Every structure is written in C-alpha cells, then in structure tokens.
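If you want the building blocks of each chain, they are given just below.
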Amino acid sequence: MSAALTVAEAQQRVDHFIRSFPQGYFSELANLARLTEEAGELAHILLRRCGPLRPKPEDRISAEDLRNEMGDVLFTLICLANQQSIDLGQALLATIDRYNLRDRDRHHSPPQSAGDQSID
C-alpha cells in the first residue's frame with residue numbers, strides 16, 4: 001500500500017490517470033451518475049455491515065470492500081472537482097470553517113424531543 005496523499009496530490013494523480021486515455025474524462029453528468037452509483041454501492045455495504053439488513057450470501061461486505069467503495073466515491077468526486085477546476089483541499093477547509101461557525105454550540109446541549117427538531 002502506498003503512502004497517504006494530500007488532496008492536491010490526489011487530484012493531480014487522478015487527472016494524470018484520466019488524461020492517459022484518449023477519451024479523457026466522462027461528461028460531468030456521467031460522472032455525477034457514477035458518483036450516485038458509487039454512493040449507492042457504499043450505502044449497500046454499510047447498510048449490511050452496520051444497519052438492520054442482513055447480508056445475502058453473494059454480498060461483498062468486508063472491510064476491503066468498504067475501503068474500495070469509499071475509494072470509488074472519492075475518485076469520482078475528484079473527477080468532478082477536476083472538471084470544474086475546484087480545489088478540493090480549499091473546498092474542504094471552507095466547509096470545515098463553515099461547520100465550525102454554524103455548529104460551534106449545536107451539539108453541546110441535550111437533544112431536543114422529536115417534535116422540536118428542525119431539519120437543517
């Protein structure tokens with residue numbers, strides 16, 4: 001297994017890999033469909049590993065399968081970011097800052113009753 005990558009390195013490696021093929025990137029909408037498909041495969045594994053559904057004999061739900069599906073989701077998200085010239089490192093930092101500001105005190109108080117909860 002290779003060493004960990006920075007987000008920028010991951011974006012560069014994915015771009016280099018995709019550009020090694022004559023057709024290059026799939027369209028953004030095709031990659032969005034692929035991302036949805038990969039997220040569904042991830043959900044399938046987690047639902048059977050952590051949720052109420054029992055796996056079927058043919059289900060792949062090992063830790064390696066889970067890792068592979070997370071990698072597929074990340075790879076496809078990186079493809080979309082590259083196509084839109086989004087620096088995912090900067091996007092992630094901005095999101096963390098936004099969550100820290102918005103949710104700074106959110107989880108320190110006792111949970112509300114079901115009738116009092118709003119969906120954010």
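Right, let's walk through the structure included here. (Residues numbered from 1 in each chain as written. Predicted model: local features only at pLDDT ≥ 70, side-chain atom pairs only at ≥ 80, totals over all residues. Heavy atoms only, no water.)

Time to look at the packing of helix α2 (residues 28-49) against helix α3 (residues 63-83). At a minimum axis distance of 9 Å, the contact between α2 and α3 shows a crossing angle of 160°. In this view, α2 runs roughly antiparallel relative to α3, as classed from their interaxial angle. Where α2 crosses over α3, the handedness of that crossing is left-handed. Contacts between α2 and α3 pair Glu28, Asn31, Leu32, Arg34, Leu35, Glu38, Ala39, Glu41, Leu42, Ile45, Leu46 and Arg49 from the former with Ala63, Asp65, Leu66, Glu69, Met70, Asp72, Val73, Thr76, Leu77, Cys79, Leu80 and Gln83 from the latter. Split into classes, the residues belonging to the contact of α2 with α3 amount to 13 nonpolar, 3 polar and 8 charged. (Axes fitted to C-alpha atoms, helices over the stretch in contact; angles between N-to-C directions. Helix = DSSP H or I, 4+ residues; strand = E, 2+ residues; numbered from the N terminus. Parallel < 35°, antiparallel > 145°, perpendicular 65-115°, else oblique. Left-handed = near helix turned anticlockwise from the far one by under 90°. Contact = heavy atoms within 4.5 Å. Nonpolar A, V, L, I, M, F, W, Y, C, P; charged D, E, K, R; others polar.)

A separate point is unusual backbone geometry. Despite not being glycine, Ser85 shows a phi value in the positive range, around 55°. Tracing the backbone shows Ser85 in the loop between α3 and α4 (88-102). Among the residues examined, Ser85 registers a relative accessible area of 67% and is labelled exposed. (Buried < 20%, exposed > 50% of the residue type's maximum accessible area, 1.4 Å probe, protein only.)

In this section: the environment of Leu46. Tracing the backbone shows Leu46 in helix α2. A relative accessible area of 31% places Leu46 in the partly exposed class. In this view, Leu46 contacts Gly51 and Leu66; residues no more than four positions away in its chain are not counted.

Before going further, it helps to examine the nonpolar core. In terms of nonpolar packing, the biggest core is built from 8 residues, these being Ala10, Val14, Ile18, Tyr25, Ile78, Cys79, Ala81 and Leu88. Only α1 (7-19) and α3 provide two or more residues apiece to this core. Excluding residues that lie within four positions of it along the chain, Ile78 makes contacts with Ala10, Gln11, Val14 and Leu88. (Core = buried A, V, L, I, M, F, W, Y, C linked by side-chain atoms within 4.5 Å.)

Turning next to the packing of α1 against α3. Their axes nearest at 9 Å, the elements α1 and α3 cross at an angle of 85°. Comparing their axes, α3 and α1 come out roughly perpendicular. Contacts from Ala10, Gln11, Val14, Asp15, Phe17 and Ile18 in α1 reach Phe75, Ile78, Cys79, Ala81 and Asn82 in α3. Along the lines of polarity and charge, the residues of the contact of α1 with α3 split into 8 nonpolar, 2 polar and 1 charged.

Within the secondary structure, Gln11 sits in helix α1. According to the relative accessible area criterion, Gln11 is buried, its value standing at 10%. Engagement of the side chain of Gln11 in a polar contact is seen with the side chain of Asn82, the distance being 2.8 Å. Apart from the residues within four sequence positions on either side, Gln11 is in contact with Ile78, Ala81, Asn82, Ile86, Asp87, Leu88 and Gly89. (Polar contact = N/O pair within 3.5 Å; in protein donor to acceptor, adjacent residues only side chain to side chain.)

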